[in-house]
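Chain residues, written in single-letter form:
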Amino acid sequence: MKNLYILWSFVFVSTITLKAQNKEIAKADKLYLQFEYVKATEAYLKLIDKGENDTYIYKQLAESYYKMFNPVDAIKWYAKTISTPQDAEIYYHYAQMLKANSQYDAASSQMATFANKVPNDPRAKEYKENPNYIPQLLEKRKLFDINSLKINSDKSEFGPVLTNDGTLYFTSANQKSKKTDGIKEEPYLDIFKAVYNKDGTIEAPTAVAELNTKWHDGPVSITADGNTIYFARESFAIKSFEKDKKNHLKMGQVNLFKATKMDGIWTNIVPLPFNSKNYSSSSPFVSKDGKTLYFSSNMPGGKGDNDIWKVKVNSDGSYSAPENMGDLINTMASEQFPFVTYDNILYFASSGKPGLGGLDVFSIDLNSKLAEKAINLGKPVNSEKDDFSFSFNSQYAVGFFASNRSGNDDIYAAHPVCALENATIVTNSKTGTVLENAAVTILDNNKNAIETKNTAANGTVISALECNKSYTMKVVKDGFESGIFEMPSNKGGKSIVNAALRPIAEIVSKTEIVLNEINFEFDKSNITQEAAFELDKLVQVMKNNEKLIIVIKSHTDNLGNDAYNRSLSERRAKSTVQYVVSKGINAERISGKGYGESEPKVNCQEKCTDAQNAQNRRSEFLIVK
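Residues numbered from 1 in each chain as written. Predicted model: local features only at pLDDT ≥ 70, side-chain atom pairs only at ≥ 80, totals over all residues. Heavy atoms only, no water.

*Asks:* Break down the overall build of the protein chain for me, with residues and values.
*Replies:* Summing up its helical and strand segments, the protein chain has 12 helices and 33 strands in all. Rg of the C-alpha trace for the protein chain: 34 Å, well past the compact-globule value of 25 Å for 625 residues, more than 25% over. With the C-alpha coordinates aligned to their principal axes, the bounding extent of the protein chain is approximately 100 × 70 × 45 Å. Evaluated residue by residue, the protein chain yields a buried proportion of 49% over its 625 residues. Pairs at least 24 residues apart make up 53% of the contacts formed inside the protein chain by residues separated by at least 6 positions. Put simply, the protein chain shows about 31800 Å² of open surface, and 51% of that area lies on carbon and sulfur atoms. The positive charge centre, built from 76 side chains, and the negative charge centre, built from 75, are 2 Å apart in the protein chain. (Helix = DSSP H or I, 4+ residues; strand = E, 2+ residues; numbered from the N terminus. Rg over C-alpha atoms; globule rule 2.2 N^0.38 Å. Buried < 20%, exposed > 50% of the residue type's maximum accessible area, 1.4 Å probe, protein only. Contact = heavy atoms within 4.5 Å. Areas by Shrake-Rupley, 256 points an atom, 1.4 Å probe, with all protein chains shown as cover. Lys, Arg positive; Asp, Glu negative; His and termini not counted. Charge placed at Lys NZ, Arg CZ, Asp CG, Glu CD.)

Set out below in structure tokens:
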């Protein structure tokens, strides 16, 4: 506490002394207070060049660039400013500039400082409610919402699969057997089932006694008609093993079995013919038509540890030779737990593909001949732990998977999140040709930038978005008028936004540059993000036409007294000029003047409607020569 007090005292005293003794700082401050931000920054930079390095000067530079909406330079000086403690608003401004420059993690850090300083500020409260929303949007789009099931115990549960009659089968070590395995010191695995209700509730599970032995049993897969089940079981159950005489061991494997249902009971249990004493086969899945059986195995001819394989199930009950699913799926590590949806999407777990840690769940479209790689499902299905045995029931529109993220293998439900794939197609409004390398920025309802991408050769940007939300596409291309395009709320699937940009020359008439309304916040003259977007069009025109000289006329409505309106319009005209000059336009080529309410576009006097007032609040960009 003592050191902190000394630090604060030093900063306070040094700032007061410097400001009192340095006339050049006073001159720069005067420019700042007169809204001459370009000249003010030049004055402050000259002071720094002379060795006057002080956080007060850094702050003034940062605030000047903030008011001109120059994120890059503002960030540079805010970073220096906060080397000593500052008022809360400085951290807020810093965060806004960082967000404007797509530095979302850094922005979140500054917002946290701001929120700690003024916890009751509405902006602070909003931030605390969801501090990481921008990084979350930048991460892989969430595909599922998940929840842990009440059937979980303090033992292992995994391998969930829901049949169309509402029966959830799974594998669990939650039984009272005295026999335990040597891996987790848990009871051997058994097959269980539970009634899954349409409201998502689950009845108490029961063991499927006729399928369980004193050895490991499960997981399972059941045909669409519910009459045939495939499941894994230790080969010791059929007394199949190899003897290691040297070490006095019996070496068993995991085998696959089939059973059929009769009077509600699974009977006629038989091993599959491609089982072996030399390798294991497990985690079976049978296709909806019953003609293909997928499974994992470490049989010879694979890519690595365990691979995903498949066999054809013939009408006479025989099986084809096992076929490896290939490099798009299998790796040198382990791939397990295949599951194929009705629309032929294969889900599987892999420890060899890029993931978050341990086993991750992946998917690949088996219908697509153009598939380049399997897709990681991302969070929340995947975590830094093992995540596996994913299944999905289309009739109930719910998936299930297992994870040891809690320290134990538990089963989770996975509810699909509504998703939207949007294509923004950028074209020349005059010729209809597509425009390559146009920058498309997607904004959410709070005007936060979600992503920025450049169009490909076909003029298109593809974006994965959340449905039931509206978005705005901000499109920028050299030589064209920048555009804003609204995308209304969408229930999912695919959508297209046609973004036709006018050639920049079309906004130039003989007498003026025609821009959309330059909006300011109430009673303020700072350049907003929306205003900067419009003014950048003027900057582009002036850079393309180096002989143009522009006069800006700023007008207000007739609310308030004449002197106040003239002063406000003068400040706004000056801010507008400052912004354009800060973008590299010679100050001799642009000037501005405020006219207050003296030149209304609609002469409605004291009976103006809101719409008429809006028309009178305007900026004009006249061409002098």
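*Asks:* Describe the side chain of Ser280, listing the residues and the values that go with them.
*Replies:* Here Ser280 shows up in the loop between strand E11 (265-271) and strand E12 (281-286). A distance of 2.7 Å separates the side chain of Ser280 from the side chain of Gln253, its partner in a polar contact. (Polar contact = N/O pair within 3.5 Å; in protein donor to acceptor, adjacent residues only side chain to side chain.)

*Asks:* Account for the sheet that holds strand E7 (residues 228-234), naming residues and giving values.
*Replies:* Strands sit in the order E6-E7-E10-E11 across an open sheet of 4 strands; the sheet is antiparallel. Since the sheet does not close on itself, it has two edges, and those belong to strand E6 (217-222) and E11, each with one partner. The sheet shows a mean angle of 30 degrees between the axes of neighbouring strands, direction not considered. In this sheet, strand E10 (residues 254-262) lies alongside E7 in antiparallel orientation, the contact comprising 7 bridges. Residue pairing in the sheet places Tyr230 in a bridge with Lys258 of E10. (Pairing = 2+ DSSP bridges. Axes fitted to C-alpha atoms, helices over the stretch in contact; angles between N-to-C directions.)

*Asks:* Outline the sheet that holds strand E18 (residues 360-365), supporting the account with residue identities and numerical values.
*Replies:* The strands making up a sheet associate through backbone hydrogen bonding, with each pair oriented either parallel or antiparallel. With antiparallel pairing, 4 strands are arranged side by side in an open sheet as E16-E17-E18-E19. Strands at the two margins of the open sheet, each flanked by one partner only, are strand E16 (335-340) and strand E19 (375-376). Relative to E19, E18 is paired through 2 bridges, and the arrangement is antiparallel. Considered in E19, the bridge of Ser363 is made with Ile375.

*Asks:* Break down helix H11 (residues 562-582) for me, citing the residues and quoting the values.
*Replies:* If you check H11, its first and last C-alpha atoms are 30 Å apart, about what 21 residues at 1.5 Å a residue would give, namely 30 Å. What H11 keeps buried is the set Asn565, Leu568, Ser569, Arg572, Ala573, Ser575, Thr576, Val577, Gln578, Tyr579, Val580 and Val581. For H11, the elements touching its buried residues are helix H3 (37-49), helix H10 (529-544), strand E31 (550-555), strand E32 (590-596) and strand E33 (619-623). Near the N-terminus of H11, the side chain that reaches the backbone nitrogen of Ala563, with its oxygen 3.2 Å away, is that of Asn561. Backbone geometry just after H11 places Gly584 at a positive phi near 105 degrees. (Expected span 1.5 Å × (residues − 1).)

*Asks:* Pulling in residues and values, what's your account of the state of the cysteines?
*Replies:* Taken as a whole, this structure holds 2 disulfides when the rule is applied. In this model Cys604 forms its disulfide with Cys608; the gap between the sulfur atoms is 1.8 Å. Between Cys604 and Cys608, the S-S torsion sits near 95 degrees, and that sign places the bridge as right-handed. Side by side, Cys604 and Cys608 carry an identical accessibility label, which is buried. In the protein chain, the cysteines engaged in disulfides, taken in order along the sequence, are linked 1-2, 3-4. (Disulfide = S-S within 2.5 Å.)

*Asks:* Describe the packing of H3 against H11, with residues and values.
*Replies:* Any two packed helices are characterised by how steeply their axes cross, that is the angle between the axes, and by the distance between the axes. One way to put it is that H3 packs onto H11 with a least axis distance of 8 Å and a crossing angle of 55 degrees. Put simply, H3 runs oblique to H11. On the side of H3, the interface is formed by Tyr37, Val38 and Lys39, while H11 contributes Gln578, Val581 and Ser582. Here the contact of H3 with H11 is composed, by residue class, of 3 nonpolar, 2 polar and 1 charged. (Parallel < 35°, antiparallel > 145°, perpendicular 65-115°, else oblique. Nonpolar A, V, L, I, M, F, W, Y, C, P; charged D, E, K, R; others polar.)

*Asks:* Account for empty space enclosed by the protein, naming residues and giving values.
*Replies:* For the structure shown, the criterion picks out 2 cavities of 30 Å³ or more. Roughly 140 Å³ of volume is contained in the largest cavity. What lines the largest cavity is a set of 14 residues, among which Gly159, Pro160, Val220, Pro284 and Pro338 lie closest to the centre. Secondary structure elements with two or more residues in the lining of the largest cavity: strand E2 (157-162), E6, E12, E16 and strand E20 (387-393). Considering only residue class, the lining of the largest cavity consists of 10 nonpolar, 4 polar and no charged. (1 Å grid on protein atoms, 1.4 Å probe; cavity = no way out; pocket = protein on both sides within 12 Å on 5 of 7 lines; lining within 4 Å. Points joined across faces, edges and corners; volume = space filled by probe spheres on them.)

*Asks:* Pulling in residues and values, what's your account of the pattern of salt bridges?
*Replies:* On inspection of all chains with the given rule, the structure shows 17 salt bridges. Between Glu481 and Lys537 there is a salt bridge, with the nearest N and O atoms lying 3.1 Å from each other. Highlighted residues: Glu481 in the loop between strand E27 (471-476) and strand E28 (483-487) and Lys537 in helix H10, separated in sequence by 56 residues. This pair shows no difference in class: Glu481 is buried, exactly as Lys537 is. As a salt-bridge pair, Asp557 and Arg617 come within 2.6 Å of each other at their nearest N and O atoms. Here Asp557 is found in the loop between E31 and H11, whereas its partner Arg617 is found in the loop between helix H12 (610-616) and E33, with 60 residues between them in sequence. Among the residues examined, Asp557 registers a relative accessible area of 8% and is labelled buried. Among the ionic contacts, a cluster of salt bridges with common partners joins Glu481, Arg502, Glu534 and Lys537. (Salt bridge = Lys/Arg side-chain N within 4 Å of Asp/Glu carboxyl O.)

*Asks:* Which residues make up the packing of aromatic side chains, and what are the values?
*Replies:* Enumeration according to the criterion identifies 22 aromatic pairs in this entry. With centroids separated by 5.9 Å and ring planes inclined at 75 degrees, the aromatic side chains of Tyr196 and Tyr396 adopt a geometry described as edge-to-face. Of this pair, Tyr196 sits in the loop between strand E4 (190-195) and strand E5 (206-207) while Tyr396 sits in the loop between E20 and strand E21 (398-403), and the two are 200 residues apart along the sequence. We note that Tyr196, like Tyr396, is buried. (Phe/Tyr/Trp six-rings, centres within 6.5 Å; stacked < 30°, edge-to-face > 60°.)

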